[in-house]
Protein chains: 2
Amino acid sequence: MDISIDLTTASAGPEPMYEQIAARIAAQIKSQALPPGSKLPPERQLAERCGVSRTTAINAYRRLEELGLVRTRVGSGTYVAEGSGEAAVLPMPWHQLLVPAWQSPVSGIIRDLVAMDAAAGVSMATGMPDPGLYPWAAFQGLLGQGSLAMKDLGHIATEGYGPLREALAARHTAAGVPAKAENVAVVAGAQQGLYLLAKVFLNPGDYVIVEAPTYMGALQIFQSAGARLLTLPAPGPLQLDLLEDYLIRYRPKLLYVLPTYQNPTGRVMTQPERQALLTLAARHRLAVIEDDPYSDLFYDREPPPPLKALDQHGGVIYLRTFSKTVFPGLRVGWVVAPEAVIHRLALEKQYVDLHSNNLAQWLLYKFVASGGLDRHLTAVRREYRQRRDAMAQALRRFAGGRLSYAVPDGGFYFWCRLTAPGLTTRALLTEAGRQGVSFVPGDAFYPGTEGEREFRVCFATNGAAELQEGVKRLTRAAAQAEKGSVQAPRAPAAPLPPII
Amino acid sequence: MDISIDLTTASAGPEPMYEQIAARIAAQIKSQALPPGSKLPPERQLAERCGVSRTTAINAYRRLEELGLVRTRVGSGTYVAEGSGEAAVLPMPWHQLLVPAWQSPVSGIIRDLVAMDAAAGVSMATGMPDPGLYPWAAFQGLLGQGSLAMKDLGHIATEGYGPLREALAARHTAAGVPAKAENVAVVAGAQQGLYLLAKVFLNPGDYVIVEAPTYMGALQIFQSAGARLLTLPAPGPLQLDLLEDYLIRYRPKLLYVLPTYQNPTGRVMTQPERQALLTLAARHRLAVIEDDPYSDLFYDREPPPPLKALDQHGGVIYLRTFSKTVFPGLRVGWVVAPEAVIHRLALEKQYVDLHSNNLAQWLLYKFVASGGLDRHLTAVRREYRQRRDAMAQALRRFAGGRLSYAVPDGGFYFWCRLTAPGLTTRALLTEAGRQGVSFVPGDAFYPGTEGEREFRVCFATNGAAELQEGVKRLTRAAAQAEKGSVQAPRAPAAPLPPII
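If you look chain A up in an unreviewed UniProt entry, it shows as PLP-dependent aminotransferase family protein from Anaeroselena agilis. Per its UniProt entry, chain A bears the Sequence similarities (unreviewed entry) comment "In the C-terminal section; belongs to the class-I pyridoxal-phosphate-dependent aminotransferase family."

Now the structure itself:
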């Protein structure tokens, strides 16, 4: 009796070795190559043949016994069970059926982070507005108004709820970005906007220019679409020469930028930089995705107009969201673009979810139209300004010398750099976990391996006192890490991460 | 001066010919191949060279003039404008940048239909619950309870809102489908569930078995994923021999079925058929997607247990939705599957939208947990049973002899077949539009060109009186169509379609 087990193949799978061996033998039992009553080799012999430990061989036989495919007779050996050829049922080998997943190089980081964030006393990692500031009371008031037509809770156009599209178009037009409702598509958060844009613009191998560092969700989407990324340094002035070199050498399809309160650096692109960028884009027929989640969150002065307002050649796609200003959980963002683009986005979105949830769209429409959004923005700007100032003060007071950073004019983040020679953010992260504070290490924001001495802290989610405590802990962690008292990071937790 | 216009390429694009010609000339002006001041050929000559009409040539020059690239001197001709090489800005050629869209063979049908549905006095096309039955008052009551934690309006796990996953798992377990919360992923409607399943299981060229006819959204998703479809005839008994032939010959990856109140035929797979199907699936390691939007909508007797309840080898993925029972617009469906599958779905969903809207998830959780869903189901079953009976009566009374159909035990649809020799549903559709009634022609539910004498009518959206009127109009349309008084269908409207 010959049990041929192909070890090359067996060792490549994601299942434990004993499962793989059991599956091989099971297949031979099911195909009657090993008929009922056949004696299987002793465990020691099986182990030798397969080049595995005896425990693995024992476990393989145990598994087959569980499945009812073999029986063990004490003192005699292991035999193929009667009637095993047809009746016994092996569980589905799902791992064989699933197509290989695209694994983000930063997904490991993110998992560490989510585990740490849940445990942290002061979380400064995720880029979420403070739940204490959510305008839920205002929304409950809107819900009570009952002016919702029942048909609006049925299926609606894929492009979004008409009145919301109208209201957003009017708002943009008033702010210098002329738009009609037909230029607006509502999407399930800016994340989905990016996902759909990648779907409609990118073939594998296409070049996309991104800032470095930039929003990690965009990196993951472009990379999983098979794009090749070209990077523009994000802190410091816009490198127009480099941009032009890229345009000439690689003929990239898209430029993805966050010109206003960039994530993670907080930087604002100046108006002359915006103009120069658009001139280059127009000359080279470069499509520009302007991601703008933060421009309503300014604390010192209003930011320059968006690229979309300065765009003469119609090459800018403008991506907005309510996630940073209202509720992240409603999953409502929108795209402002020429109709040709909106039409294609809608075609793709139809496959993905038919349309976005219309209760949230109706609520947001009422919130915008009633002036609630503007009142809310005024209130949160005041609050976030205080938090920004509190964090700046704490950093000055506690972290002096250990970190370099710029104080942002708006948005949610400080982008910090460790000054101690040789100290990396990963080492700091481990120590920070012990101190009960979290942040996002810099390498998560780069497509390559840069950023190992940088990190992002969010000042939006916590009040001033917590931020001060968080910075204290961070400084303590940095001091500890400098002493080199660093242990290996914990094992990553299983689940996954909305980190924004 | 030589204006070389490659007509082969030009005629392939989606833009009008005059735009394409203008773009070619514009490119030569921009590249200075046609320097400022050059005289362009007279319109007649351009038309001849390009093999187009003179109007097209005139329009091409007009377009260039609009763009500031040429000037026309009366009585003299058309000249390249001064300074046109650098300064003038051409609008973005979006159609060149977008990757080719997958065009569903039925998208033309669907567009006709949406236009017609909007105009129809009695719409029996879309598979939507009646908005008059939406439990909005109950939802407003839930909203007033205010037991919503603010953090639950922030970001949540991609797999869904924990309490809703728990509640759904408990509900399934009680109904004979043992499940833990970890086996449940909330998705943005069953549509998104299918989209994600296609993403994680299908490589281009994979075989998928579907019923024919079947849910058209599934056909579109599988085909756009590059799958090759094998069909099992849906009305009549399950053809197990054919299924086994497919399994042996093609080794398909997935079987997609609607065993209960199938869309569009209304058929219920018997329990012995379900058992036999699962035995074959287990033997051949076939993954089964059981789409089950309608099983709660039974009108005569409870349907047999779902495949998922009978599944011994763990090979069934169970897809459910609130769209047919509560509100379509909330976009909440769910997948019940082994953890390995849930985990991969969540990884993909993270790219698509991070997670589904959590206000809707919280509301549905409260609705399920408070017993509201069960009360609602009892009420809508009673109402829809009456409508089913009203439609059956009207068909007996008015359509006798013109249509053959079976009265369904549950779900939303009658599947009808024209009996008059030579009469097609497309001919009927045109006439029905004139009579102010709509339905979905049968070919929309087939991957091939079958179904041309079949169609689906939905009895859920309208009350008994409207249904009677609808059937009257339909019969009148059939009589007219039989007389051959049929004109060409209207031009398709631009936008697109949630048809379910």
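Next comes the rest of the write-up.
> Describe the side chain of A:Thr325, naming the residues involved and giving the relevant values.
Considering the arrangement of structural elements, one finds A:Thr325 in the loop between strand 9 (316-321) and strand 10 (333-336). In this structure A:Thr325 touches A:Asp296, A:Leu297, A:His376 and A:Leu377, once residues within four positions along its chain are discounted.

> So what about the domain arrangement of chain A? Which residues, and what values?
Once the domains are mapped, chain A shows domain 1 (17-87), domain 2 (107-127 + 375-486) and domain 3 (141-369). Here domain 1 of chain A and domain 3 of chain A have C-alpha centroids that lie 58 Å from each other.

> Tell me what's going on with unusual backbone geometry, and back it up with residues and numbers.
Residue and element names in this part refer to chain A. Cis peptide bonds are those with omega within 30 degrees of zero, and the linkage from alanine 212 to proline 213 qualifies with 5 degrees. Structurally, proline 213 can be placed in the loop between strand 5 (207-212) and helix 10 (216-224). In the segment running from asparagine 263 into proline 264, the intervening peptide bond is cis, with an omega of 15 degrees. Positive phi outside glycine occurs at arginine 251, with the angle close to 45 degrees. Examined against the element boundaries, arginine 251 turns out to sit in the loop between helix 11 (240-250) and strand 7 (254-257). Backbone geometry places arginine 331, a non-glycine residue, at a positive phi of 55 degrees. Relative to the helices and strands, arginine 331 resides in the loop between strand 9 and strand 10. For arginine 331, a relative accessible area of 4% puts it in the buried group.

> Account for the pairing of strand 12 (residues 413-418) of chain A, naming residues and giving values.
Residue and element names in this part refer to chain A. Within strand 12, five of the six residues are buried, which leaves it mostly tucked inside the rest of the structure. As judged from the five bridges shared by strand 12 and strand 15 (residues 454-458), these two strands associate in the antiparallel manner. By the bridge assignment, tryptophan 415 is partnered in strand 15 with arginine 456.

> Just give me the short version of the interface of chain B and chain A, but keep the residues and values in it.
Counting residues at the interface gives 86 residues for chain B, matched by 86 residues for chain A. Of the roughly 7500 Å² buried between chain B and chain A, counting both surfaces, carbon and sulfur atoms make up 67%. By the criterion of area lost to chain A, the three top residues of chain B are B:Trp94, B:Arg285 and B:Tyr351, representing 11% of everything that side buries. Seen at the junction of chain B and chain A, the total is zero salt bridges. If you list the elements that add at least two residues to the side of chain B that touches chain A, you get helix 5 (94-97), helix 7 (136-145), helix 9 (189-201), helix 10 (216-224), helix 12 (271-283), strand 10 (316-321), helix 14 (339-353) and helix 15 (358-369) of chain B. Looking at the side of chain B that touches chain A, the element that brings in the most residues is helix 14 of chain B, giving ten residues. Looking at the side of chain B that touches chain A, its residues break down into 51 nonpolar, 23 polar and twelve charged.

> Give a detailed account of the sheet that holds strand 16 (residues 454-458) of chain B, specifying residues and quantitative values.
Residue and element names in this part refer to chain B. Reading across the sheet, the four strands line up as 12-13-16-15 and stay open at both edges, with antiparallel pairing between neighbours. At either end of the open sheet lies a strand with only one pairing partner, and these are strand 12 (403-405) and strand 15 (440-441). Where strand 15 lies against strand 16, two bridges are found, and the strand directions are antiparallel. Within the sheet, the bridge partner assigned to valine 440 lies in strand 16 and is arginine 456.

The rules behind the values
- Along each chain, residue indices are assigned from 1 in the same order as the chain's sequence is written.
- All chains are assigned letters beginning with A, and all ligands numbers beginning with 1, in the order in which they are written.
- Selection of residues for local features in this predicted model requires a pLDDT of at least 70, selection of side-chain atom pairs for listing and counting requires 80 or more, and totals for whole chains, interfaces and linings are taken over all residues.
- Water and hydrogen atoms play no part in the side-chain values, which are based on all heavy atoms of the structure.
- UniProt positions are given in the numbering used here, feature names are shortened, and annotations may be inferred rather than shown by experiment.
- Only runs of H or I of at least four residues qualify as helices and only runs of E of at least two qualify as strands under DSSP, and these elements are numbered from the N terminus.
- In what follows, a contact means two residues having at least one pair of non-hydrogen atoms within 4.5 Å.
- The domain limits used here are those given by an automatic or database domain assignment.
- With a 1.4 Å probe rolled over the protein chains alone, any residue whose accessible area is under 20% of its type maximum counts as buried; one over 50% counts as exposed, and the rest are partly exposed.
- When DSSP finds two or more bridges between two strands, those strands count as paired.
- Summed over both partners, the accessible area lost on bringing two parts together, with a 1.4 Å probe, is the buried area.
- Criterion for a salt bridge: a side-chain nitrogen of Lys or Arg within 4 Å of a carboxyl oxygen of Asp or Glu.
- Three classes are used: nonpolar for Ala, Val, Leu, Ile, Met, Phe, Trp, Tyr, Cys and Pro, charged for Asp, Glu, Lys and Arg, and polar for all others, with Gly counted as polar.

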